[in-house]
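Per-entry structural report
Now for the letters of each chain:
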Amino acid sequence: CLMKQDKTDEAIKCLQDALSIYRTVTPKDDANMASTLHELGRSLTNQGRLEDAFQHLQESLNIRRTFTPGDKAGIAMTLHELGRSLTNQGRLEDAFQHLQESLNIRRTFTPGDKAGIAMTLHELGR
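A brief structural summary. (Residues numbered from 1 in each chain as written. Predicted model: local features only at pLDDT ≥ 70, side-chain atom pairs only at ≥ 80, totals over all residues. Heavy atoms only, no water.)

1. Examining the overall build of the protein chain
Helix and strand content of the protein chain: 6 helices and 0 strands. Taking 14 Å as the expected radius of gyration for a compact globule of 126 residues, we find that the protein chain reaches 14 Å, a close match to that expectation. On the principal axes, the C-alpha backbone points of the protein chain span a range of 35 × 30 × 25 Å. In the protein chain, the proportion of contacts linking residues at least 24 apart, taken out of those at least 6 apart, comes to 49%. Of the roughly 6900 Å² that the protein chain leaves accessible, carbon and sulfur atoms contribute 53%. Distance from the positive charge centre (16 side chains) to the negative charge centre (17 side chains) of the protein chain: 3 Å. (Helix = DSSP H or I, 4+ residues; strand = E, 2+ residues; numbered from the N terminus. Rg over C-alpha atoms; globule rule 2.2 N^0.38 Å. Contact = heavy atoms within 4.5 Å. Areas by Shrake-Rupley, 256 points an atom, 1.4 Å probe, with all protein chains shown as cover. Lys, Arg positive; Asp, Glu negative; His and termini not counted. Charge placed at Lys NZ, Arg CZ, Asp CG, Glu CD.)

Now the structure itself:
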């Protein structure tokens, strides 16, 4: 809601507060925590806070891969966001690897998600 209103600072504060609560009341494998980490990373990328973004996205990916490996769409989305963050950091080799893995997962496990596939192809071509 706040991000859609371009209230990025307020949105990031809400996400940080949510993450703080999740860290105290849920197990490390919580899907909601992974989702919050993903959104926080995405928001920080949009704000240009790339190192912080990378750390949150990497933690989200680790949780998803370890505890919810069947959530291929979530893994692909986080890989995409990591690739986007790495591109913005100028780490193009790493970005390419993350984006390519995201694309491979999307094509294999979510072939009906044409918009997601196009989004990752766009990021690869950027």
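2. Details of the pattern of salt bridges
The final tally for this structure, using the stated rule, is 10 salt bridges. In this structure, K13 and D17 form a salt bridge, with 2.8 Å as the shortest nitrogen-oxygen distance. One end of the pair, K13, and the other, D17, are both in helix α1 (residues 8–25), 4 residues apart, so they sit about a helical turn from each other. The partly exposed category is assigned to K13, whose relative accessible area is 46%. For R84, the salt bridge goes to E81, with nearest N and O atoms at 3.0 Å. One end of the pair, R84, and the other, E81, are both in helix α4 (residues 72–89), 3 residues apart, so they sit about a helical turn from each other. Accessibility classification places R84 together with E81 in one group, the buried group. (Salt bridge = Lys/Arg side-chain N within 4 Å of Asp/Glu carboxyl O. Buried < 20%, exposed > 50% of the residue type's maximum accessible area, 1.4 Å probe, protein only.)

3. Let's talk about α1
Relative to the 26 Å expected for 18 residues at 1.5 Å per residue, α1 spans 26 Å between its end C-alpha atoms, a close match to the ideal helical length. Buried within α1 are the following residues: A11, I12, L15 and L19. Looking down the long axis of α1, one finds its buried residues gathered within 95° of arc, a one-sided arrangement. The exposed set on the far side of α1, more than 90 degrees from its buried face, consists of D9, I21, T24 and V25. The inward-facing, buried residues of α1 abut α2 (31–47) and α3 (50–67). (Expected span 1.5 Å × (residues − 1). Arc of directions from axis to C-beta.)

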